[in-house]
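# Understanding the architecture of this molecule
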Amino acid sequence: MRHFVAAVLTLALSPFAAMAKDCPDFTIEARNNLSYSEDDLWSERRHAVAAGGSVDLWGCARFDGVGFVALQPDFNVFLTRNNKDRMIRFKITGHDGCDTVLLINTPSGRWLFNDDDDGVDPAIRVTSAQTGRYDIWAGTFGPDICMATLQIEAFP
């Protein structure tokens, strides 16, 4: 009987396991690790990135957004200090007309998503940004991969 119950539970929960498997995973080490304080970000920092991936956000129940990203984060951005309680802006600018999306997992575990903040370019502003690791995914609205730029800057 115990094996029967285990088999039924496995079958019943398998769609949820498949859904979680096909979602961005912040536990995987990012392709790029960056470390900045709020003073470092007083001047905008830019980093090239190939935006997009095989993970379709539409199928991820934990996100309110659409687009395609990689399984692993493109960047782990470590904010080492924010004593001045500044807002940090993360922005993805697609090259050659690429329509990009931006997904962030904050140090507190909160998921943030943006598609079109400035035309087709997404941006997320984190007010009074806490120190810690921000996992960043540069995605695309459609399934194609394109070159883009991550811009990070602090504001008063």
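These notes cover the structure that comes with them. (Residues numbered from 1 in each chain as written. Predicted model: local features only at pLDDT ≥ 70, side-chain atom pairs only at ≥ 80, totals over all residues. Heavy atoms only, no water.)

A few words on the sheet that holds strand 11 (residues 146-155). Spatial ordering of the open sheet is given by 2-11-6-9, a layout of four strands whose pairing is antiparallel. Either end of the sheet is taken by a strand with one partner, and the two such strands are strand 2 (45-51) and strand 9 (123-126). Across the sheet, the mean angle separating the axes of adjacent strands is 20 degrees when strand polarity is ignored. The sheet contact formed by strand 6 (residues 87-94) and strand 11 spans eight bridges and is antiparallel. Its bridge partner being in strand 11, Met-87 is matched across the sheet by Phe-155. (Pairing = 2+ DSSP bridges. Helix = DSSP H or I, 4+ residues; strand = E, 2+ residues; numbered from the N terminus. Axes fitted to C-alpha atoms, helices over the stretch in contact; angles between N-to-C directions.)

So, on to unusual backbone geometry. Of note in this structure, Asp-96 is not a glycine but carries a positive phi near 55 degrees. By secondary structure assignment, the location of Asp-96 is in the loop between strand 6 and strand 7 (100-105). Given a relative accessible area of 85%, Asp-96 falls into the exposed group. In the Ramachandran plot, Ser-128 falls in the positive-phi region, its phi being about 45 degrees despite a non-glycine side chain. With respect to the element layout, Ser-128 can be found in the loop between strand 9 and strand 10 (132-140). (Buried < 20%, exposed > 50% of the residue type's maximum accessible area, 1.4 Å probe, protein only.)

All chains considered together, the criterion is met by two disulfides. One disulfide in the model links Cys-23 with Cys-60; its S-S distance is 2.4 Å. Here the disulfide of Cys-23 and Cys-60 is left-handed, its torsion about the S-S bond being about -125 degrees. Residue Cys-23 is located in the loop between helix 1 (2-21) and strand 1 (32-37), and its partner Cys-60 is located in the loop between strand 3 (55-56) and strand 4 (68-69); the two are separated by 37 residues in the primary sequence. (Disulfide = S-S within 2.5 Å.)

Now for the nonpolar core. Residues Val-77, Ile-88, Phe-90, Ile-104, Tyr-134, Ile-136 and Ile-152 are the most contacted members of the largest nonpolar core, which totals 26 residues. Taken together, the elements giving at least two residues each to this core come down to strand 1, strand 2, strand 5 (75-81), strand 6, strand 7, strand 9, strand 10 and strand 11. Per-element tally for this core: the top contributor is strand 11, with five residues. Not counting chain neighbours up to four residues away, the residues in contact with Ile-88 comprise Leu-41, Leu-79, Ile-124, Arg-125, Val-126, Ala-129, Ile-152, Glu-153 and Ala-154. Among the nonpolar cores identified, the runner-up in size contains eight residues, and Cys-23, Val-55, Leu-57 and Leu-103 belong to it. (Core = buried A, V, L, I, M, F, W, Y, C linked by side-chain atoms within 4.5 Å. Contact = heavy atoms within 4.5 Å.)

A few words on the environment of Thr-131. Tracing the sequence through the fold places Thr-131 in the loop between strand 9 and strand 10. Thr-131 sits in the partly exposed class, given a relative accessible area of 41%. A sequence separation of 48 residues divides Thr-131 from Asn-83, and the C-alpha atoms of the two residues are 9.2 Å apart. With sequence-adjacent residues up to four places away left out, Thr-131 is seen in contact with Leu-79, Thr-80, Arg-81, Asn-82 and Pro-107.

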